[in-house]
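# Geometric and topological summary
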Amino acid sequence: GSYLNLTSNVLDRAGGYDFATANTSVSEGTMPTWTFTNAERTASLRVPMSGAADAKMQGLVWGMPRSGVSSPVTTIGNTPIDYKVYNVGTTTAFTSAATFRSGRAYQVSVDVYRPKLPIEYVAEYNMANDTEFATSHSNDASAYFTFDRANELFARTANFTVAGKGYHLPNIDEAKALMPAVIGVNINGTTFSYSNVNERSLEVNGYNSLVPGQAIEYYYSDFIVNPNNTIVYGLRFKRGNNAVTAAYRYEFITDASTPLNNHVKITMRYIGSSNTTVDNIATEDFWNSNNSEDITRTLSFVGFYDETSTLRSTNEIGDYWTSTYLPQWNPESPYYFMQIGFTSSGKWVKISAHHNKALKFAARLFSND
């Protein structure tokens, strides 16, 4: 669970209600568990951090009154998880009642914002043409673009919009919202795992969207591959107190009778600062329960067009351009793209690079905000 720190100069030996054990308001009739803290002037106010990226939560706090306070002020601080509490500034202050009565619960309203997670920027569908999104995930529903054409249409500087909302072609850091950063996670008939894979910097919209106001940092991830049910599990974006840690599930879904529907389903669940390990999330029991707020995206095996305008590898491979061109990093193959694969040689999700920008790949855009 996630905690907010409440500090007051009018409360001693205070505590807080644990809303994980009941409804989020005592007025609803079910009394949450009382969490007692022995420290002076500090109460732990526990609030659930699931749900949408915007959520206003209400909590109740209680404490014995402290005598002789001429200017009673209580502050809901931005610790220990400062990236999850926003109002006008990083703290919310309000003036308490002049006299606290022993044994009374006092209601505190606090605005809590779960960070908008990288996958929430990803558009639901591929581009169907130069101006419109597709309306299905069928492998024949997408348009294809050369690297130059995709950037001409959808680079951030192109100010591309659909229905008044801005979208752009992601760079390789933004693509990590979908794909593992450094390694291609493959299923090749063997169960294996990766621990503390360096995901490098995680960028959305030119800055670190995971922790607004902070510099882009390195994040780490764990993966477990299960070849028996064609699923990859990942515990991604670990760092420090795991502010933005999320569980990922990559499922390869294929059907020989309807190959145009072959795709990878990417499911993400916000984990945050809870003490969850990759072993905990690498079971179907985990994903089959408490899943009402999971976020999913679908990537189709759209194939690609080669230099002769021949469509290749439909229903087996899906290639998606990013906006990244890095000749100084990879001079032989400087054009970066996202790729999913389901072939006789294996199954994979990865960020890759190519030497030929004339190939035509699909485009999956990210929202600007």
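Residues numbered from 1 in each chain as written. Predicted model: local features only at pLDDT ≥ 70, side-chain atom pairs only at ≥ 80, totals over all residues. Heavy atoms only, no water.

### Quick notes on the overall build of the chain
Regarding its fold elements, the chain presents three helices and 23 strands. The proportion of buried residues among the 369 residues of the chain is 50%. Contacts spanning at least 24 positions in sequence make up 64% of the contacts within the chain whose residues lie at least 6 apart. Roughly 16500 Å² of accessible area belongs to the chain as shown, and the carbon and sulfur atoms make up 47% of that amount. (Helix = DSSP H or I, 4+ residues; strand = E, 2+ residues; numbered from the N terminus. Buried < 20%, exposed > 50% of the residue type's maximum accessible area, 1.4 Å probe, protein only. Contact = heavy atoms within 4.5 Å. Areas by Shrake-Rupley, 256 points an atom, 1.4 Å probe, with all protein chains shown as cover.)

### Regarding unusual backbone geometry
Look at Ala163: it is not a glycine, yet its phi comes out positive at around 55°. Unusually for a residue other than glycine, Asn196 sits at a positive phi of about 50°. For Asn196, the location among the structural elements is in strand β12 (residues 192–201).

### Side note on the confidence of the model for the chain
Residues of the chain with pLDDT of at least 70 account for 59%, and the chain-wide mean is 73. With pLDDT under 50 throughout, residues 58–65 is counted as low confidence; its partners more than four residues away or in other chains account for 39 contacts. Counted against residues more than four places away or in other chains, residues 76–111, with its pLDDT under 50, gives 95 contacts. (pLDDT = per-residue confidence, 0-100.)

### Some words on helix α1 (residues 147–154)
Within the span of α1, buried status applies to Phe147, Ala150, Asn151, Leu153 and Phe154. Buried positions in α1, seen along its axis, are confined to an arc of 165° and lie on one side of it. Packed against the buried residues of α1 are β10 (165–168), β20 (317–325) and β21 (335–343). (Arc of directions from axis to C-beta.)

### A word on the side chain of Lys238
Inspection of the secondary structure puts Lys238 in strand β14 (residues 231–238). Judged by relative accessible area, which is 15%, Lys238 ranks as buried. Reaching out from Lys238, the side chain makes a polar contact with the side chain of Asn196 at a distance of 2.8 Å. Once residues lying within four places of it in the same chain are set aside, the contact partners of Lys238 are Asn196, Tyr219, Tyr220, Ser221, Asp222 and Thr245. (Polar contact = N/O pair within 3.5 Å; in protein donor to acceptor, adjacent residues only side chain to side chain.)

### Examining the pattern of salt bridges
In total, this model carries eleven salt bridges according to the counting rule given. Measuring nitrogen to oxygen at the nearest pair gives 2.3 Å for the salt bridge that ties Asp173 to Lys176. Of the two residues, Asp173 and Lys176, neither departs from the other in class, the shared state being buried. A salt bridge links Asp222 to Lys238, with the shortest nitrogen-to-oxygen separation between them at 2.7 Å. Within this pair, whereas Asp222 is found in strand β13 (residues 218–226), its partner Lys238 is found in strand β14, the two being separated by 16 residues in sequence. Look at the salt bridges and you will find they share partners, linking Asp130, Arg149 and Glu152 into a network. (Salt bridge = Lys/Arg side-chain N within 4 Å of Asp/Glu carboxyl O.)

### Regarding the side chain of Lys176
With respect to the element layout, Lys176 can be found in the loop between β10 and β11 (185–187). Side-chain polar atoms of Lys176 contact the side chain of Asp173, separated by 2.3 Å.

### Details of the nonpolar core
Among the nonpolar cores identified, the biggest contains 38 residues, and Ile119, Leu178, Met179, Tyr248 and Ile266 are the most heavily contacted of them. Of all the secondary-structure elements, those providing two or more residues to this core are β13, β14, β15 (246–253), β16 (263–270), β17 (295–300), β21 and β22 (346–354). Setting aside its immediate chain neighbours within four residues, Ile266 contacts Ile119, Leu178, Tyr248, Arg249, Tyr250, Ile295, Thr296, Arg297 and Leu299. Among the nonpolar cores identified, the runner-up in size contains 20 residues, and Ala143, Phe145, Leu153 and Tyr167 belong to it. (Core = buried A, V, L, I, M, F, W, Y, C linked by side-chain atoms within 4.5 Å.)

### Quick look at the environment of Leu311
Relative to the helices and strands, Leu311 resides in strand β19 (residues 311–312). For the pair Leu311 and Lys360, spaced 49 residues apart in sequence, the C-alpha separation works out to 9.1 Å.

### Brief notes about the packing of aromatic side chains
Evaluation of the coordinates by the stated rule reveals 16 aromatic pairs. For the ring pair Phe133 and Tyr167, a centre distance of 5.0 Å and an interplane angle of 80° mean the geometry is edge-to-face. In this pair, Phe133 sits in the loop between β8 (105–112) and α1 while Tyr167 sits in strand β10, placing the two residues 34 residues apart along the sequence. Note on Phe145 and Phe154: the rings are 5.3 Å apart at their centroids and 85° apart in plane angle, and the pair reads as edge-to-face. With respect to burial, Phe145 and Phe154 carry one shared label: buried. Among the aromatic residues, ring-to-ring pairing joins Phe147, Phe304, Trp321, Tyr325, Tyr335, Phe337 and Phe361 into one connected group. Positioned above the aromatic ring of Tyr248, the side-chain terminus of Arg236 is 4.6 Å from the ring centre. Its end group placed over the ring of Phe286, Arg269 keeps NZ or CZ at 4.3 Å from the ring centre. (Phe/Tyr/Trp six-rings, centres within 6.5 Å; stacked < 30°, edge-to-face > 60°. Lys NZ or Arg CZ within 6 Å of the ring centre and 35° of its normal.)

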